[in-house]
Amino acid sequence: MDSKNFGEILKDLRKRSGLTQEQLGEQIGKSKSIISFYELRDRSPSPVALIKLASIFHVSTDYLLGVDPARRLDVSELTEEDIAVVTQMIDLLRKKNQNRQKLR
C-alpha cells in the first residue's frame, strides 16, 4: 500500500499540475487556506470536494486517499486511436524500465 497520506498525495498532484493552493481552491470552490489545511491534514475534504479533486487530477478517489496505490489514467475524452497510441507508449516505457532493472 502507498505510504503517502491524502495531504501528501494532494500536494504532489497539485505541484505536478503547476497549480497554486489558491488556484486549486478556486477550481473546487474553496479558499487557499482550506487547501492548505487539506495538505497539512488539519481537515479532511467533504465527499463532494474529494470527487472534484479526483476529477481535476484525473485520478480515482481511492488513489487520492492512499487506498489504491495504482495511479490510473482517465482516457474518457480520447479516441480509440489515441488510446492505442497511449497504450503502446506505456508498454514501451514498461519494457524500458524492466530492462533497466535487469541491468542493475
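What you see is a predicted model; the values in this text were computed from it and never measured.

S.K.: What exactly am I supposed to notice about the packing of aromatic side chains here?
M.R.: Centre-to-centre distance and the angle between the planes together describe a pair of aromatic rings. Here the structure, examined in full by the defined rule, presents one aromatic pair. On the numbers, 6.2 Å between centres and 65° between planes, the contact of Phe 6 with Tyr 38 is edge-to-face. Of this pair, Phe 6 sits in helix H1 (residues 6-16) while Tyr 38 sits in helix H3 (residues 32-40), placing them 32 residues apart in sequence. Residue Phe 6 shares its accessibility class with Tyr 38, and that shared class is buried.

S.K.: Which parts of the structure should I look at to understand the packing of H1 against H3?
M.R.: Running from amino to carboxyl end, H1 crosses H3 at an angle of 125°, the nearest separation of the two axes being 6 Å. For the element pair H1 / H3, the angle class is oblique. When H1 is examined against H3, the residues Phe 6, Gly 7, Glu 8, Leu 10, Lys 11 and Arg 14 are found in contact with a partner set consisting of Ile 35, Tyr 38 and Glu 39. Looking at side-chain class alone, the contact of H1 with H3 contains four nonpolar, one polar and four charged residues.

S.K.: Help me out: how do you make sense of helix H4 (residues 47-57) in this one?
M.R.: In an α-helix, one turn spans 3.6 residues; hence positions three or four apart end up facing the same way. Every buried residue of H4 is listed here: Ala 49, Leu 50, Leu 53, Ala 54 and Phe 57. The buried side chains of H4 occupy one side of the element, clustering within an arc of 140° when seen end-on. Opposite the packed face of H4, turned more than 90 degrees from it, sit the exposed residues Pro 47, Val 48 and Ile 51. At its buried positions, H4 is contacted by H1, helix H2 (21-28), H3 and helix H5 (61-65).

S.K.: Please explain the pattern of salt bridges as it appears in this structure.
M.R.: Applying the stated criterion across every chain yields a total of two salt bridges. The closest approach of N and O atoms between Arg 16 and Asp 12, which form a salt bridge, is 2.4 Å. Within this pair, Arg 16 and its partner Asp 12 are both found in helix H1, separated by four residues, close to a single helical turn. Residue classification places Asp 12 among the partly exposed positions, given a relative accessible area of 24%. Across the pair Glu 39 and Arg 14 runs a salt bridge, and its minimum N-O distance is 2.5 Å. Placement of the pair is Glu 39 in helix H3 and Arg 14 in helix H1, with a sequence separation of 25 residues.

The rules we used
Numbers given for residues are sequential positions, taken from 1 along each chain in its written order. Where local features are concerned, this predicted model is filtered to residues with pLDDT of at least 70; where side-chain atom pairs are given and counted, the filter is 80 or more; whole-chain, interface and lining totals use all residues. Think of the side-chain values as coming from all heavy atoms in the structure, minus any hydrogens and water. A pair of aromatic rings is counted whenever rings of Phe, Tyr or Trp (Trp by its six-membered ring) have centres within 6.5 Å, and the orientation is called stacked for planes under 30 degrees apart, edge-to-face for over 60 and tilted otherwise. In DSSP terms, a helix is any run of H or I states spanning at least four residues, a strand is any run of E spanning at least two, and both are numbered starting from the N terminus. Exposure is judged per residue with a 1.4 Å probe applied to protein chains only, and the accessible area is read against the type maximum: over 50% gives exposed, under 20% gives buried, and values in between give partly exposed. The axes used here are C-alpha line fits, helices contributing only the stretch in contact, and every angle between their N-to-C directions lies in the interval 0 to 180 degrees. Relative orientations are named as follows: roughly parallel for angles under 35 degrees, roughly antiparallel for angles over 145 degrees, roughly perpendicular for angles from 65 to 115 degrees, and oblique for any other angle. Whether two residues are in contact is decided by their heavy atoms: any pair within 4.5 Å suffices. By the convention adopted, Pro, Cys, Tyr, Trp, Phe, Met, Ile, Leu, Val and Ala count as nonpolar, Lys, Arg, Asp and Glu as charged, and the other residues, Gly among them, as polar. The directions considered for the arc are those from the helix axis to the C-beta atoms. Criterion for a salt bridge: a side-chain nitrogen of Lys or Arg within 4 Å of a carboxyl oxygen of Asp or Glu.

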